[in-house]
Amino acid sequence: MRLVCLLKASRLTGWRRHQPVFGKPDFVFPEAKLAVFVDGCFWHGCPKCYRRPKSNVPYWRSKIKRNRKRDLQVRRELRKQGWAVLRFWECQLKDAAKVSLRIRKALASVRP
């Protein structure tokens with residue numbers, strides 16, 4: 001929901017949620033074919049924020065590794081389909097100006 005507020009505050013338009021796009025992006029800009037993902041710092045192993053649980057270490061190591069591998073496969077497949085892909089760590093959403101600028105640059109580079 002933080003990104004929804006950020007997009008609205010930045011007056012970025014044309015985005016949709018819950019679209020039938022491979023990999024289930026959190027947001028898509030269909031006209032620009034831009035897919036935006038927000039990766040949870042815990043679930044995807046943010047290099048800045050991730051703290052491995054002290055119990056069941058092998059499970060969590062494997063889980064994070066699978067999530068990252070899936071993220072890479074999704075990005076590759078979307079690019080094959082002609083989509084541009086942006087990924088943000090959950091913690092990056094705190095800097096709204098930087099996130100907004102990155103989305104604007106991506107939209108400018110993919111829109112005709």
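For the structure itself, look to the data block above.
All residue numbers here refer to positions counted from 1 along the written sequence of the relevant chain. In keeping with the model being predicted, local features are shown solely for residues with a pLDDT of at least 70 and side-chain atom pairs are shown and tallied solely at 80 or more, while totals for entire chains, interfaces and linings include all residues. In computing side-chain properties, one takes all heavy atoms of the structure into account and sets aside hydrogens as well as water.

Draft legend 1. Looking closely at the packing of aromatic side chains. Any Phe, Tyr or Trp ring, taking Trp's six-membered ring, that has another such ring centre within 6.5 Å forms a pair; planes under 30 degrees apart are called stacked, those over 60 apart edge-to-face, and the others tilted. For the structure on display, the rule yields six aromatic pairs. Geometrically, the ring pair formed by W15 and F27 is edge-to-face, given 5.5 Å between the ring centres and 75° between the ring planes. Residue W15 is located in the loop between helix 1 (2-9) and strand 1 (27-29), and its partner F27 is located in strand 1; the two are separated by 12 residues in the primary sequence. By the burial criterion, W15 is buried, and F27 matches it. Considering the side-chain rings of F42 and Y50, the 5.8 Å spacing of their centres and the 45° angle between planes classify their relative orientation as tilted. Each residue is placed in one exposure class: buried if its accessible area under a 1.4 Å probe, protein chains only, is under 20% of its type's maximum, exposed if it is over 50%, and partly exposed if it falls in between. Owing to a relative accessible area of 18%, Y50 belongs among the buried residues under this scheme. Ring pairs connect the aromatic residues F42, W43, Y50, Y59 and W60, which therefore count as one cluster. Two thresholds decide whether a charge sits over a ring: the Lys NZ or Arg CZ must be within 6 Å of the ring centre and within 35 degrees of the ring normal. Positioned above the aromatic ring of F37 is the side chain of R87, whose terminal nitrogen or guanidinium carbon lies 4.2 Å from the ring centre. Every helix listed is a DSSP run of H or I at least four residues long, and every strand listed is a run of E at least two residues long, numbered separately from the N terminus.

Draft legend 2. Expanded view of the packing of helix 1 against helix 4 (residues 96-110). Between helix 1 and helix 4, the shortest axis-to-axis distance is 10 Å and the interhelical angle comes to 70°. It follows that helix 1 is roughly perpendicular to helix 4 by the angle criterion. Taken together, the residues of helix 4 that come into contact with helix 1 (itself represented by L3, L6 and L7) are A96, V99, S100 and I103. Residues belonging to the contact of helix 1 with helix 4 are distributed by class as follows: six nonpolar, one polar and no charged. Only the stretch in contact is used when a helix axis is fitted, and all axes are lines through C-alpha atoms; the angle between N-to-C directions ranges over 0 to 180 degrees. Here the word oblique covers every angle except those under 35 degrees (roughly parallel), over 145 (roughly antiparallel) and from 65 to 115 (roughly perpendicular). Between two residues, a contact is recorded if the distance between any of their heavy atoms is within 4.5 Å. In this classification, Asp, Glu, Lys and Arg are treated as charged, Ala, Val, Leu, Ile, Met, Phe, Trp, Tyr, Cys and Pro as nonpolar, and every other residue, Gly included, as polar.

Draft legend 3. Structural view of the nonpolar core. In terms of nonpolar packing, the biggest core is built from 18 residues, with L3, L7, F29, L34, V36 and I103 touching the most fellow members. Among the secondary structure elements, those contributing two or more residues to this core are helix 1, strand 1, strand 2 (34-39), strand 3 (84-89) and helix 4. Residues contacting V36, with those up to four places away along its chain left out, are L3, P25, D26, F27, F29, L86 and F88. Buried Ala, Val, Leu, Ile, Met, Phe, Trp, Tyr and Cys residues form a nonpolar core when they are joined through side-chain atoms within 4.5 Å.

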